[in-house]
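Residues per chain, in single letters:
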Amino acid sequence: MSANPTQTVPHVRKLPTRSKAGRRVIREKIFAHTILIIVGLLFLAPFIWLVITSLKTENEIFTVPIKWWPDELQWKNYSDAISMIPFVKYTLNTILIALLSILGVVIITPMVAYGFSRIDFKGRNFLFFIMMGTIMLPFQVTMIPIYVMFNKMNLINSIWPLVLSSWFGTGIAYNVFLVRQFFMGIPHELSESAKIDGASEFRIYTQIIMPLAKPAVLTIGLFTFLGAWGDFQGPLIYLNDPEKWTLSIGLKQFLRENRVAWGPLMAAATLFTIPIVILYFFVQRKFIEGISITGMK
Amino acid sequence: MKKSRGKKSLILFTSLMLVASMGLSACSSKEKDAASSSGSGDAPKKETVEIQFWNPFETDRSKKVEKIAEEFNASQNEIKVKVLGNQDDQKQLTAISGGAAPDIVITYWNKVGPWAEAGAVLNLDEMIKRDNFDTSQIIPAALDRMKVGDKIYGFPISMSMANKLFYNKKMFADAGITAPPETLEQMFEDAKKLTEKDGSGNITQIGFIPDYPWIDNVFWPIIFGGSWDDGNGKLTANQKANVDSIAYQASYYKEFGNEGIAKFKSGMGKMETPQDPILTGKLGMMIGWENWYIDNRGENGEIGVAPFPYPEAQPELKNAGMVSPVAMFIPAKGKHPEEAWKFMQYLLSEDVQIEYAIAHGSIPILTKALDNPKLTGNEKMKTLKDFLESAKSPNLKGFPNSIYIDEYLQSLNEETEKALLGKISPQEAMDTVVQKMQPIADKDKK
Amino acid sequence: MAATTLQSESKRRARKRLYTGLLFISPWLFGLLVFQLLPIMTSLYYSLTDFNLFGSPEWVGVDNFVALAHDKKMYLSLYNTIFITIFGLFPQIAFALVIALLLNRDVKGKSLYRTIYFLPTLVPAIAGSLLWMWLLNAQYGLINEVLGYLHLPAPNWLLDPKWTKPSLILMGFWGTGTTTIMYLAALQDVPKLYYEAASIDGASPWQKFWNITFPAISPMTLFLVIMGLIGSFQYFSQGYIFADGNGQAIGGPENSILFYAIYLYQTAFSFLKMGYASAMAWVLFVIVFILTIIVFKTSAKWVYYGGEK
């Protein structure tokens, strides 16, 4: 994928007279960088602020005017944060829920999206609108009926309501719709020629479309992970046992009723965020090229 | 044709697989539950009943509840109490409504009334009568918050109250005020003395902000001897006392200016941080709750404590204040109401009440405990002394229970907000509330 | 004879397509039937009842809907919701597209920018909102500090009812990373050949954008607009945490951030009127459904799928 631009760029550059175009390219690049850097700093600032705040004393956090850098880095906030809640256990619990959710989502979603985009069957649009309709009802009114249902299945106080909701809950519509948009973009000639060769839909799906869909699958996988990581309401409602709690519930521990422990709260929020930043850092390349799946220019 | 039939059976197969896998997971979690509940009982005696005791507190505070439950568990072997913290009211409501109610629950006072009227809370009258439990030993204002009509649906486990005036000692001295104000009228005058402006008219320090840290629709009418209903379903929020209480608050806005207060407020530090306005000498006075500024209220602390002022014309309202108890109740659909009731009685016994109050830095709800040297002599309770004493005051009150309590409070809040800024008159504000809420109250009455 | 076999042949094929299609979407159908349908239908039933969450629902017919039509607070919350949809959602999508277009140029440090722009969406809602209330604090917030430095007026972001919604919208821009990344991905798919051909024809950058880029990424735009609409009409967490964390009542100053879903939540769980709340939910459903259908219908005019026959 990235091979293409490098092939074409020199070719384009050669076309007009070098100096004029070269200057224009440079000017455009400076322009692009300037905007990206300014906006980028605006996007980065709050995060840096979070990290710096997590290293301040409470006095420094609230000093007027703003104190940009603490006199002494308060690593103690971090040890406090870690000792206040079982960080490792909650992290593992969160990861388990996230992984199980991802597993189902990446198997189910492309299949359903394929059905909704590349097989022209009667009633398809009708069913598609029903699917879209399911996410238009605010969760607040289905929350209790869903709880009742999981209670009848005897699944309260287990991770299954969370996992099953990610597989079969209304949220699936988001992923299916996203993957559908990409499947719609894959030229039909690809599957038509395979069909003429006698391939079944299932074979076309597994052998032609799925290899192309790998990046899209990675994308919904990552979104699912982020969703599971940040979910607070779900774990709180379904998990009673402190042994089973997740990090987001842990984070809430710092917001006490009378006195918020600001330093440790910010430290915990930083710790909460950093693992996913690292994860994102490692997958971002694939992830971005990722969502684009047709792979043919 | 053959092929599609094959597909059909494939659909069936897939669905069956999924159902089967779900069934399996259900079973396995059931087994786990069974294993954990039977395996954990270390007392081999006959049948120990395990009851679930939920509280909304964060882990640190929940551990204090846990300690008391452990002492109870050790004291007998019929009942084993399992404490779960972090169960906030949303979770409590979902679980109870969803059919997975715990056995006994700690929650905030304003949930008991609505949930009781909706049928979620066990009425305790029968058990109280049967076991001759003496309810007169409970501080009346706190117990009232657990009642709907005359029926008791829960008990307070501890109590919070607002009935003091906190003031910045240094600011008072600097302004030449020798004693804290006794009446609301004096308070207003003192507030003016304590307020300073800079050259361009910006407020640099202020004597008092009536809606700091929040608009309080319960506290203020109580100070003026107001009420919210007449006990027979007629709402009284627009009576003179209530309207006066809003007019009094609005007078501060009139005196110091809406814009000025808003601007000053936006620059105030967060409460109970080192930039807190009353600690840094930017705010002269505020409403005092027993659990605020514990570390700053001593002899050498920045904050002085006095009874909250009363209206000059009504000295009988001295020592008025608002109670806000933490409540406990037994869900109507709990599986072990008898055991829960036994444990509840344990929590209401004098020694446990004192232990709980000391652990949480709160006020016990038994009148007799207020004078118990075990409590008053405790080092930690010293700063609470004034509050413990005034917890006996007959002028303590609270907001009446009903199913529409939150809606009523919300409506009061919305209209008071407008009246404070002078957008409508206090009378108009309260008339609007009553107009809106009376039909809802009438509907509930039926 | 030949015609009928042809007909039955095409019927047979259609049926086969139907079965295959159903097979592919069967996991969703299973989820719909087993996990979704019952709760959805239950809420529809509640909307026709008086239900306090604990007792048994009492049938009241369309009473809830009639009362809703006269509920001033509902209209206010709907206004607030539409406000952030128009001034939040659409500018945010446009902003994300601009950033994605800039990032799509062959700029150095692409992956660093990508990470930075996505960073805020990784910060959990609780931490993110707290952080923002902090930044927007009128006195020691970073934003007013900067505005003061530039000699710009420093609004009372959190307490002035005029500024609370803009505060939330501002916060929303910070979270456009996902949208940017998705656009960026869609841009990878635009065939470079088209641009080359257009360059040779002497097309201006603006023409290239309208005639090549915009159509090519239109399926993504459709996705973002529809999901954005659905999400925006259910806007909840940020607004809720915002008021709560500020020591204000639900709805914020003068109910300026009382959004539809927040009012609905309050009605259901605080006022214990699940019947009324369910009616609210279904009204919202109808509004959003109609909007979605309209967007889909118009999409035939502006969305181009590479795979279309």
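Residues numbered from 1 in each chain as written. Chains lettered and ligands numbered in written order. Predicted model: local features only at pLDDT ≥ 70, side-chain atom pairs only at ≥ 80, totals over all residues. Heavy atoms only, no water.

For chain B, the count of helices and strands is 17 helices and 12 strands. Across the 446 residues in chain B, those meeting the buried criterion constitute 55%. Taking all contacts inside chain B whose residues are at least 6 apart in sequence as the whole, residues at least 24 apart take part in 73%. Of the roughly 19,100 Å² of accessible surface on chain B, a fraction of 53% belongs to carbon and sulfur atoms. (Helix = DSSP H or I, 4+ residues; strand = E, 2+ residues; numbered from the N terminus. Buried < 20%, exposed > 50% of the residue type's maximum accessible area, 1.4 Å probe, protein only. Contact = heavy atoms within 4.5 Å. Areas by Shrake-Rupley, 256 points an atom, 1.4 Å probe, with all protein chains shown as cover.)

Turning to the side chain of Thr246 of chain A, a few remarks are in order. Residue and element names in this part refer to chain A. By secondary structure assignment, the location of Thr246 is in the loop between helix H12 (233-238) and helix H13 (247-252). On the accessibility criterion, Thr246 (3% relative accessible area) is buried. Apart from residues no more than four positions distant in its own chain, Thr246 is found in contact with Tyr90, Thr94, Ile97, Asp231, Pro235 and Leu239.

Moving on to the interface of chain C and chain A. Across the boundary between the two partners, chain C contributes 98 residues, which contact 110 residues of chain A. Note on chain C versus chain A: buried area summed over both sides is about 9,300 Å², and carbon and sulfur give 80% of it. Taken as a group, Phe24, Trp28 and Phe35 of chain C account for 9% of the area that chain C buries against chain A, more than any other trio of residues on that side. Applying the counting criterion to the chain C and chain A interface returns zero salt bridges. (Buried area = accessible area lost by both parts, 1.4 Å probe. Salt bridge = Lys/Arg side-chain N within 4 Å of Asp/Glu carboxyl O.)

To characterise two packed helices, one gives the angle between the axes of the helices and the distance between these axes. Residues and elements named next belong to chain B. Where helix H10 (residues 240-256) meets helix H16 (residues 405-420), the axes come as close as 8 Å, and the angle between the chain directions of the two elements is 45°. Judged on the interaxial angle alone, H16 and H10 are oblique. Seen from H10, the contacting residues are Ile246, Gln249, Ala250 and Tyr253; seen from H16, they are Thr416, Ala419 and Leu420. Looking at the contact of H10 with H16 residue by residue, the classes come out as five nonpolar, two polar and no charged. (Axes fitted to C-alpha atoms, helices over the stretch in contact; angles between N-to-C directions. Parallel < 35°, antiparallel > 145°, perpendicular 65-115°, else oblique. Nonpolar A, V, L, I, M, F, W, Y, C, P; charged D, E, K, R; others polar.)

One finds Met132 of chain A together with Phe155, Phe308 and Tyr408 of chain B to be the most contacted residues of the largest nonpolar core, which totals 329 residues. With residues up to four places along the chain from it excluded, the contact list for Met132 of chain A reads Phe177 of chain A together with Ile226, Met227 and Ile230 of chain C. (Core = buried A, V, L, I, M, F, W, Y, C linked by side-chain atoms within 4.5 Å.)

The next thing to look at is the domain arrangement of chain B. All names here are of chain B. Each assigned domain of chain B is listed with its residue range as follows: domain 1 (49-160 + 323-397) and domain 2 (161-321 + 401-445). Once you take the C-alpha centre of each, domain 1 and domain 2 turn out to be 29 Å apart. The partner domain 2 presents 25 residues to the 29 residues of domain 1 that form the contact. Between domain 1 and domain 2, a total of about 2,100 Å² is buried, with carbon and sulfur atoms accounting for 57% of that surface. Counting the contacts that link domain 1 with domain 2 gives 14 residue pairs in polar contact (both at pLDDT 80 or more). Elements that contribute at least two residues to the side of domain 1 that touches domain 2 include exactly helix H4 (109-117), strand E4 (147-148), strand E6 (154-168), strand E11 (321-329), helix H15 (385-390) and strand E12 (396-397). Here the side of domain 1 that touches domain 2 gets six residues from one element, more than from any other, and that element is H4. Among the residues forming the side of domain 1 that touches domain 2, the class breakdown is 12 nonpolar, 10 polar and seven charged. (Domains from an automatic or database assignment. Polar contact = N/O pair within 3.5 Å; in protein donor to acceptor, adjacent residues only side chain to side chain.)

Turning to the pattern of salt bridges, a few remarks are in order. All names here are of chain B. Here the structure, examined in full by the defined rule, presents 28 salt bridges over all chains. Between Lys67 and Glu71 there is a salt bridge, with the nearest N and O atoms lying 3.4 Å from each other. Taken as a pair, Lys67 and Glu71 lie in helix H2 (residues 59-75) at a separation of four residues, close to a single helical turn. Here Asp406 and Lys111 are joined by a salt bridge, their closest N and O atoms 3.1 Å apart.

The subject of this paragraph is the packing of helix H13 (residues 260-270) of chain C against helix H14 (residues 274-302) of chain C. All names here are of chain C. Where H13 contacts H14, the axes come no closer than 7 Å and their chain directions differ by 155°. Accordingly, the angle class assigned to the pair H13 and H14 is roughly antiparallel. For the pair H13 and H14, the sense of crossing is left-handed. Listed contacts from H14 to Tyr260, Tyr263, Leu264, Thr267, Ala268 and Phe269 of H13 are Met274, Tyr276, Ala277, Met280, Ala281, Val283 and Leu284. (Left-handed = near helix turned anticlockwise from the far one by under 90°.)

Moving on to the packing of aromatic side chains. Per the stated rule, a full pass over the model turns up 77 aromatic pairs over all chains. With 6.1 Å between their ring centres and 90° between their planes, Phe139 of chain A and Phe236 of chain C make a pair best called edge-to-face. Of the two residues, Phe139 of chain A is situated in helix H7 (residues 139-152) and Phe236 of chain C in the loop between helix H11 (218-233) and helix H12 (237-245); the pairing between them involves two chains. Ring geometry for Trp115 of chain B versus Phe329 of chain B: centroids 5.9 Å apart, planes at 80°, classification edge-to-face. With Trp115 of chain B in helix H4 and Phe329 of chain B in strand E11, this residue pair connects regions lying 214 residues apart in the sequence. By way of ring pairs, the aromatic residues Phe116, Phe128, Phe129, Tyr174, Phe177 and Phe223 of chain A together with Trp28, Phe223, Trp282, Phe285, Phe289 and Phe296 of chain C are connected into one cluster. Against the face of Phe128 of chain A rests Arg180 of chain A, its NZ or CZ located 4.4 Å from the ring centre. We note Lys91 of chain B situated over the ring of Trp54 of chain B; from NZ or CZ to the ring centre the distance is 5.1 Å. (Phe/Tyr/Trp six-rings, centres within 6.5 Å; stacked < 30°, edge-to-face > 60°. Lys NZ or Arg CZ within 6 Å of the ring centre and 35° of its normal.)

Residues and elements named next belong to chain A. In this fold, Thr94 is placed in helix H5 (residues 87-118). Separated by 53 residues in the primary sequence, Thr94 and Tyr147 place their C-alpha atoms 20 Å from one another. Sequence-distant contacts of Thr94, that is, excluding residues within four places in its chain, are made with Ala228, Trp229, Thr246 and Leu247.

Taken together, the 33 residues of chain B in the interface contact 31 residues of chain A. Taken over both partners, the interface formed by chain B and chain A buries close to 3,000 Å², and the fraction arising from carbon and sulfur atoms is 55%. Interface area lost by chain B to chain A is led by Glu58, Lys91 and Thr94 of chain B, which between them contribute 16%. Across the contact surface, chain B and chain A share zero salt bridges. In this assembly, chain B and chain A are joined by seven residue pairs in polar contact (both at pLDDT 80 or more). Elements with a minimum of two residues in the side of chain B that touches chain A: helix H1 (2-40), H2, strand E2 (79-84) and helix H3 (89-97) of chain B. Here the residues of the side of chain B that touches chain A sort into 10 nonpolar, 14 polar and nine charged.

So, on to the environment of Ile135 of chain A. As for its placement among the helices and strands, Ile135 of chain A is situated in the loop between helix H6 (124-134) and H7. For Ile135 of chain A, a relative accessible area of 12% puts it in the buried group. Sequence-distant contacts of Ile135 of chain A, defined by excluding residues within four places in its chain, comprise Thr170, Gly171 and Ala173 of chain A together with Met227, Ile230 and Gln234 of chain C.

Our next topic: the side chain of Thr236 of chain B. Tracing the backbone through its elements, the reader meets Thr236 of chain B in the loop between helix H9 (219-223) and H10. A polar side-chain atom of Thr236 of chain B sits 3.0 Å from a polar atom in the side chain of Ser227 of chain B.

Attention shifts here to the UniProt feature "transmembrane region" (unreviewed entry) in chain C. Residues and elements named next belong to chain C. When the UniProt feature table is mapped onto this chain, "transmembrane region" (unreviewed entry) is found at residues 21-46, 82-103, 115-135, 168-188, 209-236 and 279-296. The distance separating the terminal C-alpha atoms of residues 82-103 is 31 Å; by composition the span is 100% helix and 0% strand. Within the segment residues 168-188, helix and strand shares are 90% and 0% respectively, and the terminal C-alpha atoms sit 31 Å apart. (UniProt positions renumbered as here; feature names shortened; annotations may be inferred.)

Residues Leu33, Val34, Leu37, Met41 and Leu44 of chain C make up a contiguous nonpolar surface patch of about 390 Å² in total accessible area. The topology assignment puts Met41 of chain C in helix H1 (residues 2-46). (Patch = residues over 30% accessible without salt bridge, like charges linked within 9 Å, V, L, I, M, F, W, Y side chains within 5 Å.)

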